[in-house]
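Survey of secondary and tertiary structure
Residue-level listing of the chains:
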Amino acid sequence: MSELPWGVHGKILEVDLSSGRIEEAPLDPGQVADYIGGRGLGTRLLYDRIDASCDALCPDNVIVIAAAPLIGTNAPTAGRGHMVFKSALSGGIGSSNCGGTWAPAFKSTGYDALVIRGRAASPVLIDIRPERIEILPAAHIWGKDVHQTTEALQAGEADRRTRVLCIGPAGENRVRFAAVMNDRNRAYGRGGPGAVWGSKNLKAIRVAGQKKIQVKDKERYQSGLEQSFYLLKQAPATKRLLRDLGTAGLVELINLINMLPHRNFLDNRHRDEDVENVSGETLAKKLLQRAAGCYLCPMGCQRHTRVGDKKGEGPEYETMVMIGPDCDIYDLEAITRVNYLCNELGMDTISFGGTLACAMELFERGILQAKDTDGLELRFGRSDLLDELARRIAFRQGIGDRLAEGSYRLARAFGHPEFSMTIKKQEIPAYDPRASFTQALGYMTSPTGACHLKGGYAVSLAFFGGTKEIPRFSLLQSPIGIRNMHNLGIIQDSLGVCRFTGYAFSYDPWARMMSGLTGLDFSTARLEEIANRIAAVERLFNLAAGLTEADDTLPARFSREPILVAGEERVVSTNAVARMRMDYYRARGWDEQGNPTPATLESLAIGKRKSP
């Protein structure tokens, strides 16, 4: 197609930090029709601009930040940005999503995507305004934490719409699970995007704009909008539960269904009183100041909390559990304080917690010793060490330098990679895969490595999926169920909307809004086709980066060491892993090695990769 759809500006900003060159490129209208925006558009732009075999921390890595057509409208939750890059953890595709207000602010500058390559000779920031684009020195803010950086770059700004995206010390020091932060506490967290920024000497991006978009067919758009709000007000999770307890409200439920990890996923056994100490209910009683929401969010799952004289956001469910019970820690205040600190330093709290849990198990087994840990007794339950370890990791001091590499590289360096609970070298989030085949398969086939979001938010399929609910130990239904959940997540990420809307509705309201907004046909069938196309391109990237079907698996612990689930000992056997993986590939139209077949590529009209 040649005519630009409504809902986009039609411009990509390309920045080369090595040469200082700044250029505008036209957005291919066909890519909006085929990939939408956000995750989909970002993935295609990355695929066409990078040699996937490059080192993630070299200048040749490319960062793509892509907005979506719905951003800039009044669609519920349509404010989520997406960042795509080669992951510093997995070596495969890195794909990270974030709420807050930065993505709408970026789109208001008149661009649909930002592509960054190269490496600056010294610290820089990119300043984007409708009237000018500049690469500016950032030595004065290098070394500052996320909050300090944000305040420094917004100070004196007359335009209240100015927003800052930045890294903290963890990113500067290339911690492999460093995050990129906006609105002080909102994180592009998984896969180490902050390390990639740090490797490029990129400290921050500041934006301010006022460009708006228009809706092509207002009546059709409005019908989808009204449908979405109606359904969000009907579903219990989106109507009330998320606002009342936030994501930490899941702690008690996940423990009830035997999925709450303990001591580096050694088991799922917790005392009831310990779980209560780190529950969303206790958080609400003891630390909560107010609930809030991201941009245009009617659900309001944010927790604004206080511990002593410190205030911040969170902790979310994943943070609470990975730094908490997975490390045998049930001290709510200690978990919350280190959550604040991780936000300030710019670190993914899931990988932070998973790496500490691995280190604690290595220490208790005598593999890591006091001489390796600066004399620190890294035992399970050491809540008193959390803040100190966070700082040592962010600044790569002593044992922190080892931990900054993530749990896989840590455990491998000491000869025992089997104690790293990772998939594709990325730490597994806070749901034990032995308690659900859907969750296990979601983790295994996530393109970015173990991820609760890229893995399809599979826990919902078995316990609160409504009409889509399937048995959690169904070998037959799990592959189709996970493919469908993956696809819904791909579309949500490409639309720039929140995954939690999926508790209320699936494709239909979005299809109406997108069709009305753009003037294109975005039927539910078309959205499914687009999701399959994006999944195939992500797979092609990973194959080019050297990942294979052998990476779509679980750590051996989950097939060898059972946990008790509903009165029965459960593992995910190697046979179950192989069968589900193969059936998932078939459902995707991939061959036995996980390669998209020529027929699949042709049917999806993916086309050949362009030269970088």
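See the structure shown above.
Scoring rules and cut-offs
- Residues numbered from 1 in each chain as written.
- Predicted model: local features only at pLDDT ≥ 70, side-chain atom pairs only at ≥ 80, totals over all residues.
- Heavy atoms only, no water.
- Buried < 20%, exposed > 50% of the residue type's maximum accessible area, 1.4 Å probe, protein only.
- Helix = DSSP H or I, 4+ residues; strand = E, 2+ residues; numbered from the N terminus.
- Pairing = 2+ DSSP bridges.
- 1 Å grid on protein atoms, 1.4 Å probe; cavity = no way out; pocket = protein on both sides within 12 Å on 5 of 7 lines; lining within 4 Å.
- Points joined across faces, edges and corners; volume = space filled by probe spheres on them.
- Nonpolar A, V, L, I, M, F, W, Y, C, P; charged D, E, K, R; others polar.
- Contact = heavy atoms within 4.5 Å.
- Core = buried A, V, L, I, M, F, W, Y, C linked by side-chain atoms within 4.5 Å.

**Considering the pairing of strand E7 (residues 124-129)**
- Burial within E7 is extensive, with six of its six residues counted as buried.
- With six bridges connecting them, E7 and strand E8 (residues 132-137) associate as antiparallel partners. Of the residues in E8, the one forming a bridge with Ile128 is Ile133.
- Linking two consecutive strands that pair antiparallel, namely E7 and E8, is a turn of two residues.

**Re empty space enclosed by the protein**
- Evaluated as defined, the whole model comprises four cavities of 30 Å³ or more.
- There is about 920 Å³ of room inside the largest cavity.
- Together, 45 residues line the largest cavity, and Arg80, Arg186, Ala187, Glu316 and His452 are the ones closest to its centre.
- For the lining of the largest cavity, the leading source of residues is strand E5 (residues 93-98), giving four residues.
- Of the residues in the lining of the largest cavity, the class split is 19 nonpolar, 16 polar and ten charged.
- Taken as a whole, the second largest cavity spans an internal volume of roughly 130 Å³.
- Looking at the second largest cavity, it is lined by 14 residues, and the ones nearest its centre are Thr445, Pro447, Ala535, Tyr584 and Trp590.

**Some points on the environment of Ile329**
- Here Ile329 is to be found in the loop between helix H12 (317-323) and helix H13 (332-345).
- Contact partners of Ile329, with chain neighbours within four places excluded, come to Ile323, Gly324, Ile335, Met360, Gly381, Arg382, Ser383 and Leu386.

**A closer look at the nonpolar core**
- Grouped together as the largest cluster of nonpolar side chains are 155 residues, with contacts concentrated most on Leu70, Ile254, Tyr317, Met347, Phe352, Ile393 and Tyr431.
- Not counting chain neighbours up to four residues away, the residues in contact with Tyr317 comprise Thr247, Ala248, Leu250, Val251, Ile254, Leu260, Ala430 and Tyr431.
- Counting residues in each nonpolar core, the second largest holds 32 residues, with Phe85, Ala120, Ile126 and Ile128 among its members.

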